Amino acid sequence: MRIIFLGPPGAGKGTQAARIVAKHGIPQLSTGDMLRAAVAAETPIGVKAKAVMDAGGLVSDEIVIGIVADRIDEPDAKKGFILDGFPRTLAQAEALDAMLASKHLELDTVLELKVDQTKLVDRIVKRAEEARAAGQPVRKDDDPEVFKTRLEAYNRDTAVVSPYYAARGQVIEIDGMQTVDEVTAAIEKALAGH
Ligand code: AP5
């Protein structure tokens, strides 16, 4: 099973991808998580990515395509994967096509979480508040002003990715405004009927 999750920041991609991992036993390839790990470890990639991520911008295609290409080659990804947060530009989508074609692999489906963008900042503020109350680290980009920039980047650079896959009939839209459990049920139904 090779799946892509699309949707704006805060749409629920990470939440739902983690549930699919638990149920179907395929790894979640989250470029956001990989980049945050690189930032925390202060690797050369992390050092380059940190300022861009903190400001809500997109890390360069070159860096992100490189980390995904390496990750897809790891043994646990051989049986399938869920891409969460990638591709985020047309260049990334084209690079993914090339990666898969070189391995004679195909995508199974692209799940797009459709949400009301005006409601997303509330989810992000809530996440930050919950982390603060629990004494956990708060994502720097979960600041409401930075979130605006993340949403702008999505609408400018990432919204074009869905039509790219829709032209091949690969996109299944999921209503992401339902409860988390309802969204999971809709995803499982979509996967079962695929
Ligand atoms: P990344 O980590 O990918 O973050 P994001 O996509 O911007 O957003 P989130 O992780 O906040 O959203 P999500 O859709 O996963 O929602 P979640 O499940 O967490 O990227 C971070 C940064 O890394 C980027 O800005 C960029 O700088 C860089 N980057 C990453 N990939 C890149 C790429 N390919 N190219 C270039 N740069 C890249 O849910 C959010 C909150 O809502 C949670 O608190 C959750 O509990 C809650 N929630 C979820 N579902 C529901 C629901 N149905 N109802 C109510 N609350 C819900």
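Naming follows an unreviewed UniProt entry, where the protein chain appears as Adenylate kinase of Bosea vaviloviae. The protein chain has a UniProt comment under Pathway (unreviewed entry) that states "Purine metabolism; AMP biosynthesis via salvage pathway; AMP from ADP: step 1/1." Per UniProt, the protein chain carries the Function (unreviewed entry) text "Catalyzes the reversible transfer of the terminal phosphate group between ATP and AMP. Plays an important role in cellular energy homeostasis and in adenine nucleotide metabolism."

**Quick look at the nonpolar core**
Ile4, Leu35, Leu83, Leu96 and Tyr165 are the most contacted members of the largest nonpolar core, which has 24 residues in total. Broken down by secondary-structure element, the contributors of at least two residues to this core are β1 (2–6), α3 (44–54), α4 (61–72), β3 (81–84), α5 (90–102) and α8 (161–166). Excluding residues within four positions of it along the chain, leucine 35 makes contact with Ile45, Ala49, Met53, Val59, Ile63, Val64 and Ile67.

**So, the UniProt feature "binding site: ATP" (unreviewed entry) in the protein chain**
The residues that UniProt annotates with the feature "binding site: ATP" (unreviewed entry) are Gly10, Ala11, Gly12, Lys13, Gly14, Thr15, Arg127 and Gln178. Restricting the annotated residues to those that line the largest cavity leaves Lys13. Its location among the elements puts alanine 11 in the loop between β1 and α1 (13–24). Apart from residues no more than four positions distant in its own chain, alanine 11 is found in contact with Leu113, Val115, Leu120, Arg123 and Gly176. When you line up the elements, lysine 13 lands in helix α1.

Thresholds applied
- Residues numbered from 1 in each chain as written.
- Predicted model: local features only at pLDDT ≥ 70, side-chain atom pairs only at ≥ 80, totals over all residues.
- Heavy atoms only, no water.
- UniProt positions renumbered as here; feature names shortened; annotations may be inferred.
- Core = buried A, V, L, I, M, F, W, Y, C linked by side-chain atoms within 4.5 Å.
- Buried < 20%, exposed > 50% of the residue type's maximum accessible area, 1.4 Å probe, protein only.
- Helix = DSSP H or I, 4+ residues; strand = E, 2+ residues; numbered from the N terminus.
- Contact = heavy atoms within 4.5 Å.
- 1 Å grid on protein atoms, 1.4 Å probe; cavity = no way out; pocket = protein on both sides within 12 Å on 5 of 7 lines; lining within 4 Å.

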